[in-house]
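Fold and geometry: a report
Residues per chain are reported as follows:
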Amino acid sequence: MKRRFFFLLLVLTPFVPVAQKGVPKTPGAKPSAGAYQAYLFAYFTGNSKAEESIRFAISRDGYNFRALNGNKPVLSSAQISSTGGVRDPHILRGADGKTFYMVATDMVSALGWNSNRAMVLLKSTDLINWTSHVVNIQKRFSGNDSLLRVWAPQTIYDDSAKKYMVYFSLKHGKDPDKIYYAYANPDFTDLETEPRQLFFSPDNAACIDGDIVKKDRTYYLFFKTEDRLPGIKIAVSNHLTGGYTMQSNEYVQQTKNPVEGAGVFKLNGSSGYILMYDMYTSGRYQFTKTTDFKNFKVVDEDVNMNFHPRHGTVMPVTGAEEERLIKLWLQFDDVITDVSSPQIKKINLVFDTAAKTVLLPVKPGTNLQAFNPGFGTFRGVSVRPALQNFAKGPVQYTVDIAGRGSQTFQVSAKEYHNPALTGLYADPDITYAEKTKKFYIYPTSDGFTNWMGTYFKTFSSTDLVNWKDEGRILELGKDVSWAKTRAWAPCIMEKKINGQFKYFFYFCAEQKIGVAVSDNPTGPFVDLGKPLIDKRPEGFSRNGQVIDPDVFHDPQSGKYFLYWGNGYMAGAELNDDMVSIKPETIRELTPNRSYNEGTHVFYRNGTYYFLWSQNDTRDPNYQVRYGTAHSPLGKITVPENNLVIVKDSTAGIWGTGHNSTIQVPGKDEWYLVYHRFNYPRGINMAREAGYNREVCIDRLEFNADGTLKTVVPTHEGIRSIRFYPN
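Quick caveat, the model's predicted, so the values are computed rather than measured.

**Quick word on the environment of His630**
On the secondary structure map, His630 appears in the loop between strand 43 (623-629) and strand 44 (643-645). Residue class for His630 comes out exposed when judged on its relative accessible area of 79%. For the pair His630 and Thr607, spaced 23 residues apart in the sequence, the C-alpha separation amounts to 6.0 Å.

In structure tokens form, the structure reads like this:
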């Protein structure tokens, strides 16, 4: 089945069957490597039919990408495919430097993972106008009666054959997926040779999502193993069309989450390469950097995208090509929200599309009297003015896009201390370490679909406002042998043993509670080697998960206690070794029906305060309540007015819960550390808000009778504290 179309997608308009006036069809002579000034990202966005289409994004540095055409399709799937959907686009610059080739899976996933038999071949001379042809492998080539699927095609130029080779995975009957190749005809409208197997897996396991990169004189085939432990491996060969052997048996993805769709691109003017891949169950893309294809470093914190891609590829483009794409497809709104200043909390930027207003939340200490947000510097785009005095109030900015005119926006910048940590984190546990005289927050690493995070980090501060990322301190699968995912809700305790400080880190993994030990609050931590608690205590009246530990030192008795539970509250005394529990002390402490999870205990003026979270963490009404007791394992009395913190819808703050507290050493000065939905996106993310959370700090105060005052959550947060440690 073949189709041929010439078409152009205008911004927010239907397709027309002619080329855009003023857009040249030939970019010119073959560019040199030094001429590349930007990057084009081709991707799709999800598993619904509307999301199974080709989209483009642009970047100047290979790390910060902005969607083109408002993240809407740049090609009509209905016109280019036989199924009405396309996935896994791969884009390539031709050997002549001025022709572009794109291939994609012809598939609608709703019809089933074994439903497609075809791929789409596309060709362009300007990245705007594309011709397309469907190649149905089952119909085109005999001997494919048992073919179930054709997945993830890619293209590479064969210098020896002087032809374009298309490679892809096929699955026949009960056989595993295998990577095949065939040569395209000169017009790139069909495959002219029978598919032949390209890579032979040593154990005949399924292999998909191949991506070939030539480095020096070696071809590197990145691929995903599918029916073993899924992951990305590399095979190498001196010949493009065969002889691939495993570089090693090691997986090269830097995560324990399932991944697919490896895509490698070279950084312009650099010896470095980016290996990116789709963490498809986590709703995130991960970027890693390498120079040797053996050592890969995660660079996620340098990456910023205003869209959520699925399985795509990146190609370098020239300044002229960048300008052509921007003139047609870059939105004014996407320019004014593209800020590069490291002082801006980018995930908290607030943009009102109707009013054309932007609020830039900036980090503590930012000089607002002379501040440059660093708006997008795309070719053919200007933003005026630059350095401005935001201390006096909003500033007018004008965005000019060559050939498209200009738009004006009102921009404000304010110093917000909440969220306290940069990025998505939740379930914060805070402590003060006598050894270092610093405060530390230990959170859940958030932003992973269905809470599928795999590692823990810590952050340090001397003033509770300026926080330093101390990096990862424990990774499931790597440092913890008995669990691979669902790294949640940690807590920590400092204890001096034989004159030496020890740190006991309690954490959740796969709905069990573990413990790891270190000599320093920043690690490295050594896991116990097995769960500390792996099942709900017998005889409890309520069911629930084994999660959310909280560790407490009783200043009255000198003993240490551990609390945990979801649906029920359990408590027990720890042995002196801090890595085992006295089973005879286990108690059910569930205060009332408002209890759900997130127990936190602290002591003040003879009273033991028990705090917990009510409702589900995905609920905008997630909130904290409290009760008091006369002992660490005593009966909890719940005051009539026991609300600690709850949403403030007028401020756009939702889902406030799972807290800890900190007392400034030597003072009766207390703070509540909690998480909320990401602001401002969270409330519009439905249930996904429950794993897109951020850590905040606000003042915790007491009434004269010792009862807690309800905390009002704020964006402003707290001021830097001052104290003088002994």
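**Some points on the sheet that holds strand 21 (residues 297-298)**
The sheet built from four strands is open, its strands ordered 18-19-20-21 with antiparallel pairing. Looking at strand neighbours, the two that pair on one side only are strand 18 (260-266) and strand 21, the edges of this open sheet.

**Considering the pattern of salt bridges**
Counted according to the given criterion, the structure contains 28 salt bridges. As a salt-bridge pair, Asp177 and Arg149 come within 2.7 Å of each other at their nearest N and O atoms. Highlighted residues: Asp177 in the loop between strand 11 (163-172) and strand 12 (178-183) and Arg149 in strand 10 (residues 147-158), separated in sequence by 28 residues. Both residues of the pair, Asp177 and Arg149, count as buried. Via salt bridges that share partners, Lys224, Glu260, Asp278 and Arg310 belong to a single interconnected network.

**Re the sheet that holds strand 17 (residues 245-246)**
With antiparallel pairing, four strands are arranged side by side in an open sheet as 14-15-16-17. The open sheet has two edge strands, strand 14 (207-215) and strand 17, and neither has a second partner. Examined bridge by bridge, strand 16 (residues 231-237) and strand 17 share two bridges and lie antiparallel to one another. Residue pairing for strand 17: Val236 is matched across the bridge by Thr245.

**Here's the deal with the packing of aromatic side chains**
Tallying each qualifying case throughout the model produces 47 aromatic pairs. Note on Phe390 and Tyr397: the rings are 6.3 Å apart at their centroids and 15 degrees apart in plane angle, and the pair reads as stacked. Taking the centre distance of 5.0 Å and the plane angle of 55 degrees together, the rings of Tyr432 and Phe439 count as tilted. Overall, Tyr432 belongs to the buried group, its relative accessible area being 12%. The exposure class assigned to Phe439 is buried, which follows from its relative accessible area of 0%. Grouped by ring-pair contacts, the aromatic residues Tyr440, Tyr442, Phe456, Trp482, Phe505, Phe507 and Phe525 constitute a single cluster. Over the ring of Phe702 we find Arg604; its NZ or CZ atom is 3.9 Å from the centre of that ring.

**Re the pairing of strand 34 (residues 500-509)**
Burial within strand 34 is extensive, with eight of its 10 residues counted as buried. The sheet contact formed by strand 33 (residues 487-497) and strand 34 spans nine bridges and is antiparallel. From the neighbouring strand, Lys495 faces strand 34, where its bridge partner is Lys502. Connecting strand 33 to the antiparallel partner strand 34 that follows it, the hairpin turn spans two residues, and Asn498 within it adopts a positive phi of roughly 50 degrees. Where strand 34 lies against strand 35 (residues 512-518), seven bridges are found, and the strand directions are antiparallel. Among the inter-strand pairings, Tyr503 is bridged to a residue of strand 35, identified as Ser518. As consecutive antiparallel partners, strand 34 and strand 35 are separated by two residues, and within that stretch Glu510 has a phi angle of approximately 50 degrees, a positive value.

Cut-offs used in this document
Residues numbered from 1 in each chain as written. Predicted model: local features only at pLDDT ≥ 70, side-chain atom pairs only at ≥ 80, totals over all residues. Heavy atoms only, no water. Helix = DSSP H or I, 4+ residues; strand = E, 2+ residues; numbered from the N terminus. Buried < 20%, exposed > 50% of the residue type's maximum accessible area, 1.4 Å probe, protein only. Pairing = 2+ DSSP bridges. Salt bridge = Lys/Arg side-chain N within 4 Å of Asp/Glu carboxyl O. Phe/Tyr/Trp six-rings, centres within 6.5 Å; stacked < 30°, edge-to-face > 60°. Lys NZ or Arg CZ within 6 Å of the ring centre and 35° of its normal.

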